[in-house]
There are 2 protein chains.
Amino acid sequence: MKKQFSLSGFPDFNAIQVNRREYVLSLMKEKFSLFGFSQISTALMEKRDNLVGSYGDDGDKLIFQVLRSGDYLSRIQTDVKGLTSHELSSIISDKSMRYDLTLPFARFVSENQSFINLPFKRYEIGPVFRADRPQKGRLRQFIQCDADIIGTKSLWLEIDLINLIYAIFDALGLKNMVIRISNRKLLEGIFESFSNALDFSRFCTIIDKLDKLDFKKIQQLLLDCGLSQNEILLLENLFVFKGSFMQKKSHILSCFAINENLKIGLEELQFIFDNLPPDQNIDLDLSLARGLDYYTGSVFEALSLNSNNGGSVLGGGRYDQLTEKFNTKHLSGVGISFGLERLCLLLDELDLFPKDWNNGLDVLFINFGLKEAQIAQAYIYKLRKLGISSELYPDDIKMNKQLNYANKRGVKFVIMIGEDEIKTNKLSVKNMFNGNQKSLTLEEFINLL
Amino acid sequence: MKKQFSLSGFPDFNAIQVNRREYVLSLMKEKFSLFGFSQISTALMEKRDNLVGSYGDDGDKLIFQVLRSGDYLSRIQTDVKGLTSHELSSIISDKSMRYDLTLPFARFVSENQSFINLPFKRYEIGPVFRADRPQKGRLRQFIQCDADIIGTKSLWLEIDLINLIYAIFDALGLKNMVIRISNRKLLEGIFESFSNALDFSRFCTIIDKLDKLDFKKIQQLLLDCGLSQNEILLLENLFVFKGSFMQKKSHILSCFAINENLKIGLEELQFIFDNLPPDQNIDLDLSLARGLDYYTGSVFEALSLNSNNGGSVLGGGRYDQLTEKFNTKHLSGVGISFGLERLCLLLDELDLFPKDWNNGLDVLFINFGLKEAQIAQAYIYKLRKLGISSELYPDDIKMNKQLNYANKRGVKFVIMIGEDEIKTNKLSVKNMFNGNQKSLTLEEFINLL
């Protein structure tokens, strides 16, 4: 078996793939900027303490931890013998790879408060790392594209983010997309109406597994946590209930006793549904909880109804306390996060990538030896000055091999300069798409282009 | 003291800084592509074994190592007690952050040989990681911008890379730059003429410290390694010798006995100097060795003579055996690597960044309450459809505060829609640069823009 040198879940991308990714990113950046977000860039590593404990128990296990540098053991007093992996890690690792872009954003805002004009809108595009089991659409290193606003609780932001999501879908040609929305306060209100000792974060973690596990297993998890059969039945009915927002709202009010969280959650959703443009496909979905611990209000997800691969390409939500970890209080934020790889998978599945990409090399000069190459090189300088990409084949190997290379590389024109061409000051130009060959002066060739 | 939450050496970049970086990168990408390079993207983590041992002893110490995931100790047979840090790391870490882009490139080429058309030209731009002591211009996470060609020994590539470097300097407005060039074969030839038992890699590591340590210390290091006082004097004379390439060549031939490496090294340099355009500032500098272990031929560095901070912004060189680590033989490659942060420091020092950047928000609508906000939101949809970036201030706080926010953010126009404007179907438009305020219809405002 051939040895694999690359790490599973850590992808490389070839030129065609990079080109497709850049296509998506450039459209996305254009829309982020149209909606008033400016780009920042945060560090790829964080202090270990910044991350551990922020993503729930399940999330914590997926954080990549980086070893201290140098002879770290010599600087440790503790005897490492008998420690658990977790205990050892907390001593010999002080840095972690970032797990998302939201927490680094909260740190950035807290550390740069004096320079920041609140409410602060930023976007960031970059890799994040999760030690998940790699599978199709789930990598260990992947690109998130986040837009967040921090510094106000206004629900206009939720509305504007939903508009932004649809603007990006439109630009990419994605139709039949749906945004699922829920609200953590509403979920918490429902949860509070149950007679149980379960903690809400654990409840959300279980609900979040709904699209991965079948309902029988979810039932068992909820039973184990102390919910009654009757309560689980109420939940199940809630999850499968179909209808408009108003119908779902009535259903909730008929099934659960009203409390403060439930009331506020419903009011927040009402405002959002009242103020959305009518042409958008938004669905209240109470089975959506989002696994991340830090959400406190709206939570979103967006997916394609045309995809056979699940098709979820975006998550997001509102967080009220995320900056408190960094000693900054009362900064509510809300944001969305596109998964670039998921989006690319979807665009590929639906055949929505532009077809007209080429590798961009306009001209290859055949190498016939030192003297000819020197003359070719002089032409190349001139062409490049005009913005025409061109290069010399580096070795004077057989012409056939050089032409073959040009062909495989998708070069547009091959130029040959031999003794005749040197005498007549002309170029033999071969059009690689139709095979035509002509003798041209440099000016004639430039005009041809 | 305020607690620092960010890791030293791992920088964040605000919107203005990101904009400057994007300016440099877009010019650089344009030139890479003009010279026939296409972009790829490799993983940020590598198997630990891929990296360790590739960068010399000094480099190895600077590699960031990533802990295995989960309960790694339970899967280890060895007793961790009594291990050195190095031994423990080799057991509990299996991944490392990449140290440069060259080695991942060699891996990529080896793993994708069947899809690659050799000679293969690629560029890659992305972060690399080194556990160095952070200081001005030296970070632990920094962006390299690499262009490499692999699959031929042709020296035309060295020449083309030098042209590419100057094309990028020109595009950035950088004048008075110099490229220092040397050749590892020539250095090895000189080294072989000495009567010593030192290993060549160690010799290069010492020479590489020339611009960091004073010559007395270098002398001592070379003495400790077995060079004689006389040999060290020859070296020192070589390093300080001024003159053209031909003068330096004569000096070398007069000082050192000829051997195969010395002869080939000089021939390679001769070819490069013979075929460069005359207007470029290239200097043979034998004190340039480059610390990286994998170089086997030409080595480059580029720096600014106008800078007070050293001003080195680029390194590079030729490597003949780098893919052998990945079971692929006989692929010689050569490449250059710009340091983005170094380039930005230099452009900032020389005041070469464009001045006309703005944050890009064209219009902010003042929020006067629900009804007005709903109407504003409808206008915002229309403006954005036309590519005009606009947003609603999210909260209906005092107008002064909203105007103050618009001002700080550098918004171009503020639009107010109150009861009067709703009745007359007009907008009150305030130009934030000159303070003028006008009552306009939407069409009139769009024409104004």
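All of the points below concern the structure found in this document. These figures come from a predicted structure and were not determined experimentally. Residue positions are counted from 1 within each chain, in the order its sequence is given. Throughout, the order in which chains and ligands are written sets their labels, letters from A for the former and numbers from 1 for the latter. It should be noted that, the model being predicted, local features are given only for residues of pLDDT at least 70 and side-chain atom pairs only at 80 or more, the latter also being counted only at that level, while totals for whole chains, interfaces and linings use all residues. To get the side-chain values, all heavy atoms of the structure are used, and hydrogens and water are removed first.

### Quick word on the pairing of strand β15 (residues 427-431) of chain A
Residues and elements named next belong to chain A. The cut-off we apply is this: Burial status follows relative accessibility: with a 1.4 Å probe on protein chains alone, a residue under 20% of its type maximum counts as buried, one over 50% as exposed, and anything between as partly exposed. Elements are defined by DSSP. Helices are runs of H or I of four residues or more, strands are runs of E of two residues or more, and each kind is numbered from the N terminus. Two strands make a pair as long as DSSP finds a minimum of two bridges between them.
Across the 5 residues of β15, 4 count as buried, placing the element largely inside the fold. As defined by bridge partners, strand β14 (residues 413-416) adjoins β15 across 4 bridges and the pair is classed as antiparallel. Along β15, the bridge assignment pairs Met416 with Ser428. The hairpin turn running from β15 into strand β16 (residues 437-440), its antiparallel successor, is 5 residues long, and Gly435 in that turn takes a positive phi close to 80 degrees.

### As for the pattern of salt bridges
For the record, the criterion: Any Lys or Arg side-chain nitrogen located within 4 Å of an Asp or Glu carboxyl oxygen qualifies as a salt bridge.
The tally for this structure, following the rule as stated, stands at 50 salt bridges over all chains. In this structure, Asp12 of chain B engages Arg107 of chain A in a salt bridge whose closest nitrogen and oxygen atoms are separated by 2.7 Å. Of this pair, Asp12 of chain B sits in the segment before α1 (15-34) while Arg107 of chain A sits in helix α5 (residues 102-111), on two different chains. Residue class for Asp12 of chain B comes out buried when judged on its relative accessible area of 17%. Measuring nitrogen to oxygen at the nearest pair gives 3.5 Å for the salt bridge that ties Glu301 of chain B to Arg290 of chain B. Of this pair, Glu301 of chain B sits in strand β9 (residues 298-304) while Arg290 of chain B sits in the loop between β8 (282-284) and β9, and the two are 11 residues apart along the sequence.

### A closer look at the environment of Ile150 of chain B
Residues and elements named next belong to chain B. Defined as follows: We call two residues in contact when some of their heavy atoms are within 4.5 Å.
If you trace the backbone, Ile150 turns up in strand β6 (residues 141-150). Look at Ile150 and you get buried, because its relative accessible area is 0%. In this structure the C-alpha to C-alpha distance between Ile150 and Phe120, which are 30 residues apart in sequence, comes to 5.3 Å. Setting aside chain neighbours within four positions, we find Ile150 in contact with Phe105, Val109, Leu118, Pro119, Phe120, Tyr319, Thr323, Leu331, Ser332 and Gly333.

### A few points about the interface of chain A and chain B
To be explicit about the condition: Throughout, the accessible surface (probe 1.4 Å) given up by two parts as they are put together, summed over both, is called the buried area. N or O atoms within 3.5 Å of each other form a polar contact, as long as, within protein, one can give a hydrogen and the other can take it, and as long as residues adjacent in sequence are counted only when both atoms are side-chain atoms. Gly is put with the polar residues, along with every residue not named as nonpolar or charged; the nonpolar set is Ala, Val, Leu, Ile, Met, Phe, Trp, Tyr, Cys and Pro, and the charged set is Asp, Glu, Lys and Arg.
Every contact between the two is made by 96 residues of chain A and, on the other side, 96 residues of chain B. Interface of chain A and chain B: buried area, both sides summed, is about 7,900 Å²; carbon and sulfur atoms make up 57% of it. Where chain A touches chain B, the interface holds 8 salt bridges. Across the pair Lys121 of chain B and Glu391 of chain A runs a salt bridge whose closest N-O atoms are separated by 2.6 Å. Here chain A is connected to chain B by 48 residue pairs in polar contact (both at pLDDT 80 or more). In terms of residue class, the side of chain A that touches chain B is built from 44 nonpolar, 32 polar and 20 charged.

### Focus: the sheet that holds strand β10 (residues 312-319) of chain A
All names here are of chain A. Heads up, the rule is: An axis is simply a line fitted to the C-alpha atoms; with a helix, the fit covers only the stretch in contact. Between two such axes, the angle follows the N-to-C directions and lies from 0 to 180 degrees.
Taken in spatial order, the 8 strands make up an open sheet running β1-β5-β6-β11-β10-β9-β7-β8, and their pairing is mixed. Each end of this open sheet is capped by a strand with a single partner; those strands are β1 (38-39) and β8 (282-284). Both strand β5 (residues 120-129) and strand β6 (residues 141-150) contribute to a ladder of 10 bridges, which runs antiparallel. Across the sheet, residue Lys121 finds its bridge partner in β6, namely Ile149. Helix-sheet contacts for α5 involve β5, β6 and β10, and the interaxial angle to β6 is about 45 degrees. Sheet strands in contact with helix α13 (residues 340-349) are β6, β7 (177-183), β9 (298-304), β10 and β11 (333-339), and its direction is about 45 degrees off that of β11.

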